[in-house]
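Reading the structure
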Amino acid sequence: MDLIASLYTGSGYWNPLVWLIAIVVVVVIVYLIWSRGESGYKKGTLQTTPFISGNPEPEKSGVHIPGGNLYWGYTEALKGYYSRLVPLHTGRLNDYLLWYLGVTAIIMVVVVVTA
Amino acid sequence: MIGSWELALIVLSAVIVTVYGIVVGLFLLGIDRKLAAHMQARVGPPIRQPFIDLRKLLIKENVVPDNAIAWIFNLAPVVALASSIVILLYLPIGSIYPPLGAYGDLILVMYLLTIPALCMVAGGFASGSPYASIGAQREMVTMIAYEFPLAIVVVAVAWRLAAAGIQDPFTLGSIAAHPIWSVAGPLGIVGGLLLLLVMAAVTPAELSRIPFDTQEAETELAGGLLVEYSGKNLAMFSLSQGVKTLVMAAIVVAIFIPWNISSLVLLPEGVALVADLLFFLGKVILVMFFSVSLVRVAMARFQINQVVSVFWIYLGLIGLVGLLLLMADAALPAAGVII
């Protein structure tokens, strides 16, 4: 297999190597612009504490976003869907097997009827 | 295989497009601010203001917070800008065929659009600030929200072109050469207009502008994922914002308004190139005005859960209706039904 050829999927195509060359060139130019800027700042002063509108910094654990809250907003907007789906995940293998058999049976019926 | 000639061409194109993307991007930000100011009965800053701001940011201190993961914090703005610029290499500029058009299509562009957003997420989480963490979390959710309608637009347009027998329907060159309006019938045109509406809503979300700027939200998150950024790092994010504005407008132009002056009026070759380029910039400004400037002046910010509802439920449904109309437009005449 030619690793540096374009990949054709039948509908689309792309060449990872060309993208890589382009991004490297552009990163170098952007880095040159970035490096022209001022680098210094006053380490260890109030400047380097997080900005929390003048309030003292809370405990790290108190403001950490755990994985379960990472998608808040998404799950909140689609709670009508999640509120039905989450209780179905009982954690019991018997339930999952029943779901598997039920869905397979429905698919078989659909396939047989449409065939 | 890539020969040395192609390699030199890629490098040269990358250099030229970087300069073009940065200059035009900053001008677009200036025009956007001017237009928004006039709509609010203000004089507004001069159009060159973003250039002045950039110069100012480059001489300001580049503070790296104590809590930050310094290398990710510094790398994110550079990669965000670079990855935004690279997308431009895959998009047509006026009548100029995209420099990397033969090496990637619209599906690739869709994926590349996620890289600047992911850089902002990485930079936000690496800031070590509660505001920035919430901003990064919201940016991620917003990204998931608008990807679905964006994918519907891309697939629907390409499907209609494929149904009309056009080769390589996902190629931006093909899409620009065969505008959806000239391929589709009356039903398809209605479907295309719905998809244009969806794309106009995706544009401000992709650019983190009102009403989809929950991740920055100055009034509640004090800048969100950019809260800890200053100096040259903030300058790179601000440049990236300008380039992304050009990228999104260029995608809308390529898919929905790809016509050039040279295809309408007979002009000498050199004049045609310049006329097409100016016409392209005019279309870009028009798209930016309607989907960014006008919207951000007229609307308030959505909450993050409303953003998801808007994209997944309302715009998702509008997009699907658009897709169905395009499918009906191709299928009904084939089945002998006259529309």
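These numbers come from a predicted model, not from an experiment. (Residues numbered from 1 in each chain as written. Chains lettered and ligands numbered in written order. Predicted model: local features only at pLDDT ≥ 70, side-chain atom pairs only at ≥ 80, totals over all residues. Heavy atoms only, no water.)

**Description of the packing of helix H11 (residues 231-256) of chain B against helix H12 (residues 269-298) of chain B**
All names here are of chain B.
- Where H11 meets H12, the closest approach of the two axes is 9 Å, and the angle between their N-to-C directions is 105°. By the criterion of interaxial angle, the relationship of H11 to H12 is roughly perpendicular. Here Thr 245, Leu 246, Ala 249, Ala 250, Val 252 and Val 253 of H11 come into contact with H12, specifically with Phe 280, Lys 283, Val 284, Val 287 and Met 288.
- In the contact of H11 with H12, the residues fall into 9 nonpolar, 1 polar and 1 charged. (Axes fitted to C-alpha atoms, helices over the stretch in contact; angles between N-to-C directions. Helix = DSSP H or I, 4+ residues; strand = E, 2+ residues; numbered from the N terminus. Parallel < 35°, antiparallel > 145°, perpendicular 65-115°, else oblique. Contact = heavy atoms within 4.5 Å. Nonpolar A, V, L, I, M, F, W, Y, C, P; charged D, E, K, R; others polar.)

**Some thoughts on the interface of chain B and chain A**
- Facing the 62 residues of chain B at the interface are 49 residues of chain A.
- Each partner contributes to the roughly 4,800 Å² buried at the junction of chain B and chain A, and carbon and sulfur atoms together form 71% of this total.
- If you look at where chain B meets chain A, you find 0 salt bridges.
- In this structure, the connection of chain B to chain A is made through 4 residue pairs in polar contact (both at pLDDT 80 or more).
- Elements with a contribution of two residues or more to the side of chain B that touches chain A: helix H1 (4-39), helix H2 (49-59), helix H3 (70-88), helix H4 (106-112), helix H5 (114-126), helix H6 (130-163), H11 and helix H13 (304-334) of chain B.
- With 8 residues, H6(B) is the single largest residue contributor to the side of chain B that touches chain A.
- Residues belonging to the side of chain B that touches chain A are distributed by class as follows: 41 nonpolar, 15 polar and 6 charged. (Buried area = accessible area lost by both parts, 1.4 Å probe. Salt bridge = Lys/Arg side-chain N within 4 Å of Asp/Glu carboxyl O. Polar contact = N/O pair within 3.5 Å; in protein donor to acceptor, adjacent residues only side chain to side chain.)

**Focus on the pattern of salt bridges**
Residues and elements named next belong to chain B.
- This structure, assessed with the given rule, holds 6 salt bridges over all chains.
- Two residues, Asp 329 and Arg 160, come together in a salt bridge whose shortest N-O distance is 3.0 Å. Here Asp 329 is found in helix H13, whereas its partner Arg 160 is found in helix H6, with 169 residues between them in sequence. Here the two residues Asp 329 and Arg 160 agree in accessibility, since each one is buried. (Buried < 20%, exposed > 50% of the residue type's maximum accessible area, 1.4 Å probe, protein only.)

None of the figures reported here should be taken as evidence of function without further support.
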